[in-house]
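For reference, the chains in residue letters:
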Amino acid sequence: AAAVAAHGAARAATPVSAAPGPIPLPPTVSAGWPKMFADLAAFPKPALPSPDDVEAWDALRQRLAAMFDEMSRERVAATGVRSRKDTLGGVPVIWLEPPHVRRRDCLIVYAHGGAYTLGTAGSTLLAPAQMALATGFCVVSIDYTTAPRAKWERTTDDVGKVFSALYANGYAPRRIGCFGDSAGGGLLAGALLRMRDRNIPLPAAAALWSPWADLDFQGDTLLTLAAADPIVSKEALRPSRDAYVGAGERRNPYASPVYGNYSKSYPPTLVQCGLREVLLSDSVRLYQAMAAGGVAVTLDAYEGMPHVHQTMDDTSPEARRAIARTVAFLIGHVES
């Protein structure tokens, strides 16, 4: 979001049409979104390496991480949240502590996005810092191993190890919530299934923002919303998908949680999405799978919004409503 804003500033002299793409935005969205969509569509997308080129992925991840860390540093500092590096279960994490802690026995675990190949806990501090400030709980951001250095087995293991270490350190599962965006949302959904099947206690609640939950690319909106999504496309996701999961594992429920069995225990879940993202079907189908299994799940969709709109313009009315609902959901379950 910070990179898009900077790119948009450079384009400020260019008039922005109210129709940012081939499908005009509806008048029901708030005033800032037409320009945001135009900036998102115009923002240069990096060329992605081949799925098995570890060194090239490492170089791209480090370059983007440095850029986003620099661009978000002032906004993270403005939250007043303190951060420190640590390891839990052998997995690197970053702890974020708000200026005023609501309860020391409650905690939020965060898994960042980045298509399973990009992003680090350090370069994605803004969302968990803002969540720490809004909930009053400390947040643990998992610096999980990304593809192609790790396939889904190790990455979901990283999540399970962090939860197990927190339990060993005295945190009760009922006092822990979790949230993730994009690939981080899909990762949490699949990792919780794997934890359940390994008899690792599950947290009190999970909030998933625009989860990428079907790595087999079966969602209808990958096609129907291709012209409406300014950020994500099937073609752009393919190299990351192939780096993270083998061809024979794309419907493994731990990697693609839309194929999971939710008839056994699973925490209450909030799924948030926008109606202008190609991964809308992932959110809808994940919601349907959970609801069919008896999970206490809510689908919270936002008119005209792009992928992970909560972080694209967190001052917009749509983002504020989504974030407020996430905060209320997590606090309600973690404190109950």
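The shown structure was predicted, so the numbers you read here are calculated from the model rather than taken from an experiment.

Cut-offs used in this document
Residues numbered from 1 in each chain as written. Predicted model: local features only at pLDDT ≥ 70, side-chain atom pairs only at ≥ 80, totals over all residues. Heavy atoms only, no water. Pairing = 2+ DSSP bridges. Helix = DSSP H or I, 4+ residues; strand = E, 2+ residues; numbered from the N terminus. Axes fitted to C-alpha atoms, helices over the stretch in contact; angles between N-to-C directions. Contact = heavy atoms within 4.5 Å. Phe/Tyr/Trp six-rings, centres within 6.5 Å; stacked < 30°, edge-to-face > 60°. Buried < 20%, exposed > 50% of the residue type's maximum accessible area, 1.4 Å probe, protein only. Right-handed = clockwise from strand over helix to strand, strands pointing away. Core = buried A, V, L, I, M, F, W, Y, C linked by side-chain atoms within 4.5 Å.

Trainee: Can you lay out the sheet that holds strand β2 (residues 91-97) for me, pointing to particular residues and giving the numbers?
Mentor: With respect to topology, eight strands assemble into an open sheet ordered β1-β2-β4-β3-β5-β6-β7-β8, the strand pairing being mixed. Of all the strands in the sheet, the pair left with one neighbour each is β1 (82-88) and β8 (297-302). Ignoring strand direction, the axes of neighbouring strands in this sheet form an average angle of 20°. The sheet contact formed by strand β7 (residues 269-274) and β8 spans six bridges and is parallel. Within β8, the position partnered with T269 by the bridge is V297. Where helix α6 (residues 183-197) meets the sheet, its contacts fall on β3 (107-111), β5 (176-181) and β6 (205-209), and the angle it forms with β5 comes to roughly 135°.

Trainee: Give me the lowdown on the packing of aromatic side chains, citing residues and values where you can.
Mentor: A full pass over the atoms with the stated rule returns 10 aromatic pairs. On the basis of an interplanar angle of 70° and a centroid distance of 6.2 Å, the ring pair of W33 and F37 is categorised as edge-to-face. A residue pair is termed a helical-turn pair when its members lie 3 or 4 positions apart in one helix, as W33 and F37 do in helix α2 (residues 33-42) at four residues. In this structure W33 comes out as buried when scored by relative accessible area, which is 0%. Centroid distance Y262 to Y266: 5.0 Å. Interplanar angle 85°. Geometry classified as edge-to-face. Under the relative-accessibility criterion, Y266 is labelled buried at 12%. Through a chain of ring-to-ring contacts, the aromatic side chains of Y116, W212, F217 and Y244 assemble into a single cluster.

Trainee: An account of the pairing of β7 is needed here, citing residue identities and associated values.
Mentor: Among the six residues that make up β7, six are buried, leaving the element largely enclosed by the rest of the structure. Side chains T269, V271 and C273 project from β7 onto one buried face, and the interleaved L270, Q272 and G274 project onto a second face that is buried too. In the sheet, β6 pairs with β7 via four bridges, with the strands oriented parallel. Residue A207 lies in a different strand from β7, and its bridge partner there is L270. For the handedness criterion, the β-α-β arrangement of β7, helix α9 (residues 280-292) and β8 is classed as right-handed.

Trainee: I'd love a proper account of the nonpolar core, names of residues and values included.
Mentor: Formed by 67 residues in total, the largest nonpolar core has its most connected members in W95, L166 and W212. For this core, the element with the highest residue contribution is α6, accounting for eight residues. Formed by 28 residues, the second largest nonpolar core is a distinct cluster that contains V76, V81, Y110 and V139.

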